[in-house]
Amino acid sequence: IIPVKEINDYIRESIPKILAMDYDDFEVLILPDIASAETFPKTKIIPTGKVGPSQKRNLALQYATGEILAFLDDDAYPQSDWLAKAVWHFENSEVAAVGGPAVTPQSDSFWQKVSGAVFLSKISGGNPSRYWPIGSVKEVDDWPSVNLLVRKSDFAAVNGFDCAFWPGEDTKLCLDIIKNLGKKIIYDPEVLVYHHRRAGLKKHLKQVGGYGLHRGYFAKKYPENSRKLKYFLPSIFLISIMAGWLLGLYFFWARLLFVVLWLVYFSALAIAFFDINQKIKNIKISLAALPYILLTHLVYGYKFLHGFVFWKN
């Protein structure tokens, strides 16, 4: 199930890769705003009007004929064994959903790869397993819809995605699955897709700001899978540097603490650099990611506070 505004070059790239998967029993639903004259094998193009991604994905309950709903973003495409690696988990009736990493493609530009590199360390991004195949199969309580498979009956039981949220609709869906159904969500590092990143700093920070705003609101309203220390840390860092700078104008001890704070932060950046470079083996991208990480933390921290304190849905 692929929601999209219109048939675009990403879709034209992903459909051949989807059709080439080593799994036969599937169909593809593409949900653009308006009808398209383009056609693809095994594919239904279902015009939806100008509605959000959540509404489009929920139409799978009406149009999909399979027992498992496999959600992709329009700028993502699967590895050839994506479905084969995922479906066996659903043999366990307690499993409602399965997700895996969304890796930056090698075809992405330098700055797209820098954007993706930001998320590859726990220090810089918080959830590197969402962006790189690390760790082992485990239960999780939250997973993004860029690479998420959900049992159709369970998706229907929780009334699909909550259309009041975007981004964040996937977090709410996962919470509903765990809390309302008492079922499991599985992370498998081999259930892999490739996801094109934002090109340029402005688009990267806009995306990160959206994540921060909704995570802050969710930390307030849905604490079960969002009120975690790692989500608060960028805001704590932002408050600390602002307070340190202001107090440092008047107190010597505050200036010392301000310097110590930055020394600790730059030490953490160094660890993030080595962590990222260990994965991607590219020093230029790993170095270029460092200022991106700093700005990511500041923007996310500000937006998280705004969502936590002020935002109402």
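Residues numbered from 1 in each chain as written. Predicted model: local features only at pLDDT ≥ 70, side-chain atom pairs only at ≥ 80, totals over all residues. Heavy atoms only, no water.

(A) Highlighting the pattern of salt bridges. A full pass over the atoms with the stated rule returns 18 salt bridges. A salt bridge links Asp275 to Lys279; the shortest N-O distance between them is 2.8 Å. In this pair, Asp275 and Lys279 both sit in helix 10 (residues 252-280), four residues apart, roughly one turn of the helix. Overall, the relative accessible area of 24% leaves Asp275 in the partly exposed class. Through salt bridges with shared partners, a single ionic network connects Asp9, Arg12 and Glu38. (Salt bridge = Lys/Arg side-chain N within 4 Å of Asp/Glu carboxyl O. Helix = DSSP H or I, 4+ residues; strand = E, 2+ residues; numbered from the N terminus. Buried < 20%, exposed > 50% of the residue type's maximum accessible area, 1.4 Å probe, protein only.)

(B) Representation of the packing of aromatic side chains. The full count for this structure, using the stated rule, is 22 aromatic pairs. Measuring from centroid to centroid gives 5.3 Å for Phe71 and Phe161, while their planes differ by 75 degrees, and the two rings are edge-to-face. One end of the pair, Phe71, is in strand 4 (residues 68-72); the other, Phe161, is in the loop between helix 6 (152-157) and helix 7 (169-181), with 90 residues separating them in the sequence. Classification of Phe71 by relative accessible area gives buried; the value is 0%. Taking 6.2 Å as the distance between ring centres and 65 degrees as the angle between the ring planes, the aromatic pair formed by Tyr265 and Phe266 counts as edge-to-face. Using a relative accessible area of 45% as the deciding quantity, one classes Phe266 as partly exposed. Through successive ring pairs, a cluster of aromatic residues spans Phe237, Phe258, Trp262, Tyr265 and Phe266. (Phe/Tyr/Trp six-rings, centres within 6.5 Å; stacked < 30°, edge-to-face > 60°.)

(C) Layout of the sheet that holds strand 2 (residues 28-31). Strand order across the open sheet formed by three strands is 1-2-3, with parallel pairing between neighbours. Two strands bound the open sheet, and with one partner strand each, they are strand 1 (2-3) and strand 3 (43-45). In this structure, strand 1 lies alongside strand 2, joined through two bridges in parallel fashion. From the neighbouring strand, Pro3 faces strand 2, where its bridge partner is Leu31. (Pairing = 2+ DSSP bridges.)

(D) Seen up close, the pairing of strand 2. Burial along strand 2 is two-sided: Val28 and Ile30 and Leu29 and Leu31, pointing in opposite directions, are all buried. Between strand 1 and its parallel partner strand 2, the chain crosses via helix 1 (residues 9-19), and the hand of that crossover is right-handed. Bridge analysis of strand 2 against strand 3 gives three bridges, and the strand direction is parallel. Bridge assignment links Ile30 to a residue of strand 3, and that residue is Ile45. (Right-handed = clockwise from strand over helix to strand, strands pointing away.)

(E) Spotlight on the sheet that holds strand 9 (residues 147-151). The five strands lie next to each other as 4-9-6-10-8, forming an open sheet whose pairing is mixed. One side of each edge strand has no neighbouring strand; the edge strands of this open sheet are strand 4 and strand 8 (138-140). Strand-to-strand, the axes of this sheet are offset by a mean angle of 30 degrees, without reference to chain direction. Pairing of strand 6 (residues 95-99) with strand 9 involves three bridges; the strand directions are antiparallel. Note that in strand 9 the partner of Val98 across the bridge is Leu149. (Axes fitted to C-alpha atoms, helices over the stretch in contact; angles between N-to-C directions.)

(F) Looking closely at the side chain of Asn277. Residue placement: Asn277 occurs in helix 10. If near-sequence neighbours (up to four positions away) are discounted, Asn277 is found in contact with Asn282, Ile283 and Ser286. (Contact = heavy atoms within 4.5 Å.)

(G) Local environment of the packing of helix 9 (residues 229-248) against helix 11 (residues 283-309). Remark: helix 9 packs on helix 11, axes separated minimally by 7 Å, with the N-to-C direction vectors making an angle of 100 degrees. With respect to helix 11, the axis of helix 9 lies roughly perpendicular. Of the residues in helix 11, those in contact with Tyr231, Phe232, Pro234, Ser235, Phe237, Leu238, Ile239 and Ile241 of helix 9 are Leu294, His297, Leu298, Tyr300, Gly301, Tyr302, Phe304, Leu305 and Phe308. A breakdown of the residues in the contact of helix 9 with helix 11 according to their chemical character gives 14 nonpolar, three polar and no charged. (Parallel < 35°, antiparallel > 145°, perpendicular 65-115°, else oblique. Nonpolar A, V, L, I, M, F, W, Y, C, P; charged D, E, K, R; others polar.)

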